[in-house]
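Coordinates in review
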Amino acid sequence: MANDETNASKLIDEKIRELGDWRGETLSKVRGIIKDADPDVVEEWKWVKATNPGTPVWAHDGGICTGETYKNVVKLTFFKGAALNDPSGLFNSSLDGKVRRAIDFKESDDVKEGALKKLIREAVTLNRKSKRS
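Predicted model only: the values in this text are computed from it and were never measured.

1. Examining the overall build of the protein chain
- Scanning the protein chain for helices and strands turns up 3 helices and 5 strands.
- Computed over C-alpha atoms, the radius of gyration of the protein chain comes to 14 Å, within 12% of the 14 Å expected from 2.2 N^0.38 for 133 residues, which places it in the range of a compact globule.
- Its C-alpha atoms give the protein chain principal-axis dimensions of about 40 × 35 × 30 Å.
- When burial is assessed residue by residue, the protein chain has 46% of its 133 residues classed as buried.
- A sequence separation of at least 24 residues applies to 50% of the contacts in the protein chain between residues at least 6 apart.
- Carbon and sulfur atoms make up 46% of the accessible area of the protein chain, which amounts to about 7600 Å² in all.

2. Some thoughts on the packing of helix 2 (residues 22-37) against helix 3 (residues 113-132)
- Interhelical geometry of helix 2 versus helix 3 gives an angle of 55° and a closest axis separation of 9 Å. Between helix 2 and helix 3, the angle is such that the two are oblique. The crossing of helix 2 and helix 3 is right-handed. Between helix 2, through Val30, Ile33, Ile34, Asp36 and Ala37, and helix 3, the contact on the second element is made entirely by Glu113, Leu116, Lys117, Ile120 and Arg121.

3. Observations concerning the pattern of salt bridges
- Within the structure shown, the criterion is met by 9 salt bridges.
- The shortest N-O distance in the salt bridge between Glu44 and Lys46 comes to 3.4 Å.
- Several salt bridges share partner residues, and in doing so they unite Asp13, Arg31, Lys35 and Glu43 into one network.

4. Comments concerning the nonpolar core
- Judged by nonpolar contacts, the single largest core of 30 residues is most densely connected at Leu76, Phe78 and Leu116.
- Only helix 1 (2-19), helix 2, strand 3 (63-69), strand 4 (74-78), strand 5 (101-105) and helix 3 provide two or more residues apiece to this core.

Quick notes on the rules
Residues numbered from 1 in each chain as written. Predicted model: local features only at pLDDT ≥ 70, side-chain atom pairs only at ≥ 80, totals over all residues. Heavy atoms only, no water. Helix = DSSP H or I, 4+ residues; strand = E, 2+ residues; numbered from the N terminus. Rg over C-alpha atoms; globule rule 2.2 N^0.38 Å. Buried < 20%, exposed > 50% of the residue type's maximum accessible area, 1.4 Å probe, protein only. Contact = heavy atoms within 4.5 Å. Areas by Shrake-Rupley, 256 points an atom, 1.4 Å probe, with all protein chains shown as cover. Axes fitted to C-alpha atoms, helices over the stretch in contact; angles between N-to-C directions. Parallel < 35°, antiparallel > 145°, perpendicular 65-115°, else oblique. Left-handed = near helix turned anticlockwise from the far one by under 90°. Salt bridge = Lys/Arg side-chain N within 4 Å of Asp/Glu carboxyl O. Core = buried A, V, L, I, M, F, W, Y, C linked by side-chain atoms within 4.5 Å.

Set out below in structure tokens:
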């Protein structure tokens, strides 16, 4: 597992470097916040296919969120976002979904570090509860 995680971390590093713009900076920033919120988080690289080089995923007792980059947004999609309490209103995308919720960060957006850490920790707690039942 350590080898897979090391490879995933290197691929995420490469992705950030390749972007070389505000999207790379934002992905790097949210990655740091995720790791701060949960030092035991596991980095994964999933869904590689001919049309997609792959997607960063953060997990702890199950998936927490993905970190996708598009032309105009960096998107964090929470696997169980609909079940999370979001008093700060971070979720601004995929709001109609029954399970997932996402945060789209645009170039000029500030990342609300404290609120994002709370969301990450709540997602980990939810994964742990799901794993026990």
